[in-house]
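Chain residues, written in single-letter form:
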Amino acid sequence: MMLRTFSNLCAQSQACFRSARAKSTLSAVIDETGKSGLILKSVSTDIFENLALEDWIHDHVDLQNRSMLFLWSNAPAVVIGRHQNPWQECNLQVMRQKGIPLARRRSGGGTVFHDLGNVNLTFFTSKKNYDRHRNLQVVTSALKGLRPDMDVRATERFDILLNGQHKISGTAAKLGRTAAYHHCTLLCSADRALLSAVLKPTCQGIKSNATQSVPSPVKNLLDEDPTLDCDTIMDSVASQYNTEFGFSSPVTLVDPSDELSLPGIQRMARELLAWEWTFGRTPKFSICTTFELKNDTSICNATLNMDIKNGIIESCDIEVPSDWLPVELSREFSLHLIGGKLCPYQTSVIAAELLRTIPQNKELERKMYNLCRRVVFMM
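Here is what the cut-offs are and how they apply
Residues numbered from 1 in each chain as written. Predicted model: local features only at pLDDT ≥ 70, side-chain atom pairs only at ≥ 80, totals over all residues. Heavy atoms only, no water. UniProt positions renumbered as here; feature names shortened; annotations may be inferred. Helix = DSSP H or I, 4+ residues; strand = E, 2+ residues; numbered from the N terminus. Salt bridge = Lys/Arg side-chain N within 4 Å of Asp/Glu carboxyl O. Buried < 20%, exposed > 50% of the residue type's maximum accessible area, 1.4 Å probe, protein only. Polar contact = N/O pair within 3.5 Å; in protein donor to acceptor, adjacent residues only side chain to side chain. Contact = heavy atoms within 4.5 Å.

In the nomenclature of an unreviewed UniProt entry, the protein is known as Lipoyl amidotransferase LIPT1, mitochondrial of Oncorhynchus tshawytscha. Per UniProt, the protein carries the Sequence similarities (unreviewed entry) text "Belongs to the LplA family." Checking UniProt for the protein, the heading Pathway (unreviewed entry) contains the comment "Protein modification; protein lipoylation via exogenous pathway; protein N(6)-(lipoyl)lysine from lipoate: step 2/2."

If you want it as structure tokens, here you go:
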């Protein structure tokens, strides 16, 4: 598949249209090439940059008479749907330990794990021409073109199954007023052990109306055929996209951090990275759970009841048996948490300040420390 760079296209565009500053944008380049179809491939592996580029194209490019395919892969990341609850979907503690970021996309759907063994495909069209069935046909036909005897098929849920049982692709979409995009994943050689670890939530007792993911058994395409690496699959999908829609577009490399070519793209990436979007846009929920507390000499069960709105703790009640910890200490801890973020770092600061106020009593300090640690663990 022939490659060209978006920056080269911009340079050619600017040479012809130096009088028009807007001609350095992606939409201008598309207009100047006169193509009804375009295939882009990101040079970035940053989840926030690539998600921002999706939204930039949706917001800035006229898709009424053209279609686009965007190919991209990311360094390890967990991506939740617009209406999901991260505490309910993933193991945030493992993600923090391994430095794996959490991103909330602007489309719906369930939670997915990304790494460099996972291919992402985004199909852009007008809202009128939005057709997930046809897009998935491009993907399955591309795979069959590489391995004719491969049993891959799209389901009514718009997943793609391998051999009728293993999920290799999930789907989500965003439909705007006039434009739409449909994106899907494709498991090529993803780290399945890490996928399982980060998609196993640890916070119990959540009550929420947020969209919940549907767990499915998964498999890598590379396990089926060692020749099916990510680059081979991307090339095949690009070729099949041209065939399906009657285009002859080469693959154009694009840098989603290029502010000159994509005005406003860095601000869009920062918005996706912000805590207020990633966690603060979580639908209102509550936590009602029981957990065990112990020290060297005793064990007890404690309860936590908490209401959270926009990621902020609205109410909190931690109950610990009075013969294990003085009631005033658990009550004070509860009161200090109200109004703060459901965030381990902020809660750890509150706990540290509270521990400094406890009279010199080593056993009491240890018990209070254990309580704080268990609450932080749920976040």
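So that's the structure; there's more coming.
Caption draft 1: Representation of the UniProt feature "domain: BPL/LPL catalytic" (unreviewed entry) in the protein within the structure. Within this structure's numbering, the places UniProt gives as "domain: BPL/LPL catalytic" (unreviewed entry) are residues 63-249. With 28% helix and 28% strand, residues 63-249 has its two end C-alpha atoms placed 16 Å apart.

Caption draft 2: Geometry of the pattern of salt bridges. Tallied over the entire structure, the rule returns 16 salt bridges. When the shortest N-O distance is used, the salt bridge between Asp-223 and Arg-192 registers 3.6 Å. One end of the pair, Asp-223, is in helix H8 (residues 221-224); the other, Arg-192, is in helix H7 (residues 192-198), with 31 residues separating them in the sequence. Classification of Asp-223 as partly exposed rests on a relative accessible area of 46%. According to the relative accessible area criterion, Arg-192 is partly exposed, its value standing at 38%. We note a salt bridge from Glu-276 to Lys-341, for which the minimum N-O separation is 3.9 Å. Here Lys-341 lies in the loop between helix H12 (327-337) and helix H13 (344-356) and Glu-276 lies in helix H11 (residues 275-278), a separation of 65 residues in the sequence. By relative accessible area, which is 26% here, Lys-341 ends up partly exposed.

Caption draft 3: Examining the side chain of Asn-120 more closely. Tracing the backbone shows Asn-120 in strand E7 (residues 118-126). Since its relative accessible area comes to 2%, Asn-120 is described here as buried. Among the polar contacts made by the side chain of Asn-120, one reaches the side chain of His-114 at a distance of 3.2 Å. Only 3.1 Å separates the side chain of Asn-120 from the side chain of Asn-118, close enough to count as a polar contact. Contacts of Asn-120, omitting those with residues within four sequence positions, involve Phe-70, Leu-71, Trp-72, Ser-73, Asn-74, His-114, Cys-184 and Thr-185.

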